[in-house]
Amino acid sequence: MLEKTYDAASVEPRIYETWEKAEAFKAGAGAKDGAPAFSIVIPPPNVNGSLHMGHALNNTLQDILIRWKRMQGFDTLWQPGTDHAGIALQIAVERQMAERQEPSRREIGREAFVKRAWTYKEEVGSAIINQLKRLGASCDWSRERFTMDEGLSEAVLKVFVELYDQGLIYKSKRLVNWDPKMETAISDLEVENIESDGHMWHFRYPLAGGETYEYVEKDEDGNVTLRETRDYISIATTRPETMLGDGAVAVHPDDERYKPIVGKLCEIPVGPKEQRRLIPIITDEYPDPEFGSGAVKITGAHDFNDYGVAQRNKIPMYRLMDTKGAMRSDGAPYVEEAAKAQAIIDGAEMTLNEVDLINIVPDDLRGLDRFEARQRVIEQITAEGLAVMVPSDHPEVSWMKGQATGWNAQGRAVLKPLGADDEAPAELPLVESKKIMQPFSDRSKVVIEPMLTDQWFVDAKTLAAPALKAVQEGDTKFVPENWDKTYYNWLNDIQPWCISRQLWWGHQIPVWYDEDGNEYCAHDEEEAIAKAGGKALTRDPDVLDTWFSSALWPFSTLGWPNKTPELERYYKTDVLITGFDIIFFWVARMMMQGLHFMDEVPFHTVYINSIVVDKNGKKMSKSIGNVLDPLDLIDGYGADATRFALASQEVQSRRTLRMSDQAAEGGQRFATKLWNAARFAEMNGCARVAGFDPASAKLTLNRWIATEMGRCITDVTAALDELRFNDASGAIYRFTWNTFCDWFLELAKPIFNGDDEAAKAETRATAAWAIDEILKVLHPFMPFLTEELWARLGEEGTKADGLLILASWPTQGVVDEDAAAEINWLVDLISEIRSVRAEMNVPAGAKVAIAVTGASEETRARLRTHESAILRLARAENVEVVEAAPAGSAQIIVGEATICLPLAGIIDLSAETARLAKEAAKLEGEISKIEKKLSNPKFLDKAPEEIVDGEREKVALGKEKLEKVQIAQKRLAEIG
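Residues numbered from 1 in each chain as written. Predicted model: local features only at pLDDT ≥ 70, side-chain atom pairs only at ≥ 80, totals over all residues. Heavy atoms only, no water.

### Side note on the overall build of the protein
Tallying secondary structure elements over the protein gives 30 helices and 33 strands in all. Each of the three principal axes of the protein carries a C-alpha extent, and together these read 110 × 75 × 55 Å. For the protein, buried positions account for 54% of its 976 residues. Positive and negative charge centroids in the protein, built from 112 and 156 side chains respectively, lie 3 Å apart. (Helix = DSSP H or I, 4+ residues; strand = E, 2+ residues; numbered from the N terminus. Buried < 20%, exposed > 50% of the residue type's maximum accessible area, 1.4 Å probe, protein only. Lys, Arg positive; Asp, Glu negative; His and termini not counted. Charge placed at Lys NZ, Arg CZ, Asp CG, Glu CD.)

Below, the structure is given as structure tokens:
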């Protein structure tokens, strides 16, 4: 006998152990002879990571598909594994070493540190896998891979060498995101742009030789609003320290204000006056004439936009900082280095590498942290009188008595302090306080510095062409399909892929150098030495970006470069489920590498799952404190409840999924509903009957539930075929909760309690059969509960034939349209009556007469057949067929008949009218308020997408409620 309550905490680990002992997850388990393959590769989580809500959703969806296909008899493989996590794991190891007061990485050396990292990996590596198991993930754990295991390392080595030999991997000096704390290049995905308090400083760049020009501003009609003679051009910057590396000032070619000085030279307003550098004023499409002064400084070695301008216009790019983000201290004195830079302006030609050797940081700023250098630069320029000055009452500046006449980023004085009684100066430096988007490393949490460095790159443009064509021609499709536009945009504008990282943990780049700097790419040092003619060699210290190894994941995990049976059987894989944020970083790169090395796309479908946000539609953030831990939800409500809450809300047309404790609680209520229904059936003698076929059932009720069960199976199957997870879970939810529990079992009670033994036996067998079918269809979504019931419900009857996980997926059997029509008519009739009672506030204990007009002979027969059920379930005192509707009746249409409920003497019509009017007015006011907000362009532009979506949902929900109130108002009016 089933326990009174379902205990997920004790059941789930026991069931998972049962599956593992039975090897139910292994590739091919449960497959029919000659069955086609169905394979999915797991997006490998970081080996030192923890399960988060994104993981929970992504892996739930994968597991649903794998369990479903396994039950359909496919030869399934869900290939698991973990990623070595590059910078994340190295940071974690160094943090642990510091906490344990062990020698630092650099103190113990590379070899010892790598060994230490492997030890850490072994300590923590099973945590994320165990968490996935708690979720119910049915991966083939016997095939678990790691991006740095021996086989995958061999694949990485082969790919690098072949791409190098084909000229598709090369070393180059380009601008990258640089992490000054970890001293490495990082990918865009590892950069988090955070809105921060910042400042915009405005400075003057004097024209060379004291030259002047007429500066003219005009309004939209061409009228002159300002005319003055200037000997400077002004720029604005949020990073004054980078002015030291300016190579030019750019203006838009259509900007009439600056045409007189295009091609002339201006002076960078910082550094020793005697060696002040001159730079050209150029034109480029990048500057926006409407923003600021319309002129922008071009610092190609420290800004991504400036880098493009510098490349287009052959502007020299000067690197100002070292790997730690401090101002460079190498090279000759500034006077010599500045002369080299000036020689370029005078026509001398230098290579990019030669320019990079020039250190144009003034001697007094060398070695300073970049932010300290910023303060010094601001102070020096302001003291020299080259800050743009504005009246002290200008809205963009502030002055406080007793503090100072100018300010820097940290609020420090840049001019002399003022006394408490001093008057505000007539003018102040123009320093705008504003919010800026500042790039931070999401690993080390320091501000990222765009930096011109030597790195290894992949010729992504060449590899991207086949990857683009494959999606355009339908070899791989995106679901939802609109994500293919994101894919096209990225690949059409693709830049070289930086694959090197200045770390010690990872795949070390297989390139060696001789003492002259010649490079030799080889599979191992012995081969490199042979290529070098026996010379002594030094290996490149850099390691590969983790995305390089994970780009090979769909085929390297199957044994490539060896031609294994698994590779032949399971490549290409079927569905990749992942987030939109790694379409470029992972999906596109897997497409490139799969096509290049396998001559075949790595998957035929890419499903982009939603972003999990909190219940209010906000992105989960530790700083906000709204992060939900899936392990907490599993502890509190069970894995099944958590999975069902996620799957039921995964809608293709929505970009976000709102998750909350309440959602998981809803999943738990559903689990409880099914458990209680199974227990009720068990208590009423419903037990599995060997060989029972519902097609043999005689009772209309039983043929109806068999037909509706078949429809549910068809709906769920069709929805999963189209990856409509919410529709699939919704179909099984509605059938289980409403059709089976609320209606079938309720209508079956009189039979269970009656004297007709044949009817009783048939209904018991049908109920047990229907529960089995529910368990099969629900299993991919709620595997633990269903497996437990599958086994436990055999205690009183025929035992289940094996584990549910390996049972066959059901198909529609019985189709009895007449039985379905009759019982569905009864369900509609009772449901409509209940709705009217609820709308009209009819007291729960009050019995209402039912008068039916316009009834056909078929409806009359149904009323007679099901009269007892109608009286009991609709709380009616009688059912009567009449010629005309009684006065004071609420009327509803069911089929061709009109159902009349005389309510005039049962409810207070005037009180209900007032209540409904008040409710309608309240809803109309709330809807109007939100619609006004949604019609405001400023709100739509500034509010996060999830907030806008939330407001739209509120409007939709409000209108739905209002419609119900209005229907009730109409019915009341008809009664009155």
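### As for the packing of aromatic side chains
Within this structure, the stated rule accounts for 35 aromatic pairs. Judged by centre distance (6.5 Å) and plane angle (75°), the ring pair of Trp 68 and Trp 809 falls under edge-to-face. With Trp 68 in helix 2 (residues 53-71) and Trp 809 in the loop between helix 24 (783-792) and helix 25 (817-839), the pair connects residues that are 741 residues apart, well separated along the chain. Residue Trp 68 shares its accessibility class with Trp 809, and that shared class is buried. Pairing Trp 560 with Phe 597 gives two aromatic rings, centres 5.6 Å apart and planes at 65°, and the pair type is edge-to-face. Of the two residues, Trp 560 sits in the loop between helix 15 (553-556) and helix 16 (565-570) while Phe 597 sits in helix 17 (residues 583-598), which places them 37 residues apart along the sequence. (Phe/Tyr/Trp six-rings, centres within 6.5 Å; stacked < 30°, edge-to-face > 60°.)

### Quick notes on unusual backbone geometry
Geometrically, the link from Val 479 to Pro 480 is a cis peptide bond, its omega value of -5° lying close to zero. For Pro 480, the position within the fold is in the loop between strand 19 (477-479) and helix 12 (483-492). The omega torsion across Trp 560 and Pro 561 is 15°, close enough to zero to call that bond cis. As for its placement among the helices and strands, Pro 561 is situated in the loop between helix 15 and helix 16. One non-glycine residue with positive phi stands out, namely Asp 599, at about 55°. Topologically, Asp 599 is positioned in the loop between helix 17 and strand 27 (603-608).

### Topic: the pattern of salt bridges
According to the stated counting rule, one finds 61 salt bridges in the structure shown. Between Asp 540 and Lys 171 there is a salt bridge, with its nearest N and O atoms 3.5 Å apart. Of this pair, Asp 540 sits in the loop between strand 24 (538-539) and strand 25 (543-544) while Lys 171 is found in strand 5 (residues 169-179), placing the two residues 369 residues apart along the sequence. Residue Asp 540 is classed as buried on the basis of its relative accessible area, which comes to 1%. As a salt-bridge pair, Lys 776 and Glu 773 come within 3.0 Å of each other at their nearest N and O atoms. One end of the pair, Lys 776, and the other, Glu 773, are both in helix 23 (residues 757-778), three residues apart, so they sit about a helical turn from each other. (Salt bridge = Lys/Arg side-chain N within 4 Å of Asp/Glu carboxyl O.)

### Looking at the sheet that holds strand 10 (residues 232-237)
Read across the open sheet, the three strands follow the order 10-7-17; overall the sheet is antiparallel. Across the chains shown, the open sheet's two edge strands, defined by having one partner strand only, are strand 10 and strand 17 (431-441). Taking the axes of each pair of neighbouring strands and ignoring which way they run, one obtains an average angle of 30° across the sheet. Here strand 7 (residues 191-206) runs beside strand 17; their pairing, made up of 11 bridges, is antiparallel. (Pairing = 2+ DSSP bridges. Axes fitted to C-alpha atoms, helices over the stretch in contact; angles between N-to-C directions.)

### Remarks on empty space enclosed by the protein
This model, assessed by the stated rule, comprises four cavities of 30 Å³ or more. When its volume is computed, the largest cavity comes out at roughly 80 Å³. Every residue lining the largest cavity is counted, 14 residues in all, and those nearest its centre are Gly 86, Ile 87, Arg 501, Leu 503 and Thr 546. Among the secondary structure elements, those contributing two or more residues to the lining of the largest cavity are helix 3 (86-99), strand 6 (184-186) and strand 25. Of the residues contributing to the lining of the largest cavity, the split by class is eight nonpolar, three polar and three charged. Taken as a whole, the second largest cavity encloses approximately 60 Å³ of empty space. Lining the second largest cavity we find Ala 678, Ala 681, Glu 682, Cys 686, Arg 688, Ala 768, Ile 771, Asp 772 and Leu 793. (1 Å grid on protein atoms, 1.4 Å probe; cavity = no way out; pocket = protein on both sides within 12 Å on 5 of 7 lines; lining within 4 Å. Points joined across faces, edges and corners; volume = space filled by probe spheres on them. Nonpolar A, V, L, I, M, F, W, Y, C, P; charged D, E, K, R; others polar.)

### Quick word on a negative patch on the surface
The grouping of Asp 219, Glu 220, Asp 221, Asp 288 and Glu 290 at the surface amounts to a negative patch. Looking at the secondary structure, you find Asp 221 in the loop between strand 8 (213-218) and strand 9 (224-230). Residue class for Asp 221 comes out exposed when judged on its relative accessible area of 69%. (Patch = residues over 30% accessible without salt bridge, like charges linked within 9 Å, V, L, I, M, F, W, Y side chains within 5 Å. Areas by Shrake-Rupley, 256 points an atom, 1.4 Å probe, with all protein chains shown as cover.)

### Here's the deal with the packing of helix 20 (residues 661-683) against helix 23
Orientation of helix 20 relative to helix 23, taken along the N-to-C sense of each, is 155°, at an axis distance of 11 Å. As the angle between them shows, helix 20 and helix 23 are arranged roughly antiparallel. Between helix 20 and helix 23 lies a crossing whose hand is left-handed. Between helix 20 and helix 23, the contacting residues are Phe 670, Leu 674, Ala 678 and Ala 681 on the first element and Ile 771, Ile 774, Leu 775 and Leu 778 on the second. (Parallel < 35°, antiparallel > 145°, perpendicular 65-115°, else oblique. Left-handed = near helix turned anticlockwise from the far one by under 90°. Contact = heavy atoms within 4.5 Å.)

### Digging into the sheet that holds strand 14 (residues 295-298)
Read across the open sheet, the four strands follow the order 12-13-11-14; overall the sheet is mixed. Each edge of the sheet is formed by a strand with only one pairing partner; in this case those strands are strand 12 (265-267) and strand 14. For this sheet, the mean inter-axis angle between neighbouring strands, taken without regard to orientation, is 35°.

### Thoughts on the packing of helix 3 against helix 5 (residues 110-135)
One way to put it is that helix 3 packs onto helix 5 with a least axis distance of 10 Å and a crossing angle of 95°. Taken together, the axes of helix 3 and helix 5 are roughly perpendicular relative to one another. Residue-level contacts link Leu 89, Gln 90, Ala 92, Val 93, Glu 94, Gln 96 and Met 97 of helix 3 to Phe 113, Arg 116, Ala 117, Tyr 120, Lys 121 and Glu 123 of helix 5. Taken together, the residues of the contact of helix 3 with helix 5 sort by class into seven nonpolar, two polar and four charged.

### Some remarks on the environment of Gln 311
The residue Gln 311 is located in helix 7 (residues 304-313) in this model. Separated by 11 residues in the primary sequence, Gln 311 and Gly 300 place their C-alpha atoms 8.0 Å from one another. The contact partners of Gln 311, leaving out residues within four places of it in the chain, are Arg 174 and Met 317.

### Looking at the environment of Asp 742
With respect to the helices and strands, Asp 742 occurs in helix 22 (residues 725-752). Among the residues examined, Asp 742 registers a relative accessible area of 28% and is labelled partly exposed. Through-space distance from the C-alpha of Asp 742 to that of Asn 684 is 16 Å; in sequence the pair is 58 residues apart. Ignoring sequence-local partners within four residues, the contact set of Asp 742 consists of Lys 673 and Trp 737.

### A few points about the pairing of strand 11 (residues 248-251)
The alternating pattern of strand 11 places Ala 248 and Ala 250 on one face and Val 249 and Val 251 on the opposite face, and all of these are buried. Two strands pair when backbone bridges link them, and strand 11 and strand 14 are joined in this way by four bridges, in the antiparallel orientation. When the bridges of strand 14 are listed, Ala 248 appears paired with Ile 298. Direction of pairing for strand 11 relative to strand 13 (residues 278-283): parallel, over a ladder of three bridges. Among the inter-strand pairings, Val 251 is bridged to a residue of strand 13, identified as Thr 283.

### A closer look at the nonpolar core
Core analysis: the biggest nonpolar cluster contains 210 residues, and Phe 160, Met 659 and Phe 740 have the highest contact counts within it. It is helix 22 that provides the largest number of residues to this core, a total of 13 residues. (Core = buried A, V, L, I, M, F, W, Y, C linked by side-chain atoms within 4.5 Å.)

### A short note on the state of the cysteines
Considering all chains together, one arrives at zero disulfides under this definition. Lacking any disulfide linkage, Cys 498 is separated from the closest cysteine sulfur, that of Cys 521, by 16 Å. Judged by relative accessible area, which is 13%, Cys 498 ranks as buried. (Disulfide = S-S within 2.5 Å.)

### Comments concerning helix 20
With 23 residues, helix 20 extends 32 Å between its outermost C-alpha atoms, agreeing within 8% with the 33 Å of an ideal straight helix rising 1.5 Å per residue. Packing partners of the buried residues in helix 20 comprise helix 18 (630-637), helix 19 (639-648), helix 22, helix 23 and helix 24. Where helix 20 ends, the next residue or the one after it, Gly 685, has phi of about 80°, a positive value. (Expected span 1.5 Å × (residues − 1).)

### Some points on the environment of Thr 382
Within the secondary structure layout, Thr 382 lies in helix 10 (residues 370-383). A relative accessible area of 9% means that Thr 382 is categorised as buried. Taking the C-alpha atoms as reference, Thr 382 lies 10.0 Å from Arg 204; in sequence the two are 178 residues apart.

### Considerations on the confidence of the model for the protein
When pLDDT is averaged along the protein, the result is 92; 97% of the residues meet or exceed 70. Across residues 399-418, confidence stays below pLDDT 50; counting only partners more than four residues off in sequence or on other chains, it has 56 contacts. (pLDDT = per-residue confidence, 0-100.)

### Quick notes on helix 6 (residues 150-165)
Its 16 residues place the ends of helix 6 23 Å apart at the C-alpha level, agreeing with the 22 Å of an ideal helix rising 1.5 Å per residue. Taken residue by residue, helix 6 has Leu 152, Ala 155, Val 156, Val 159, Phe 160, Val 161, Leu 163 and Tyr 164 as its buried positions. Positioned one or two residues after helix 6, Gly 167 has a phi angle of 75°, which is positive.

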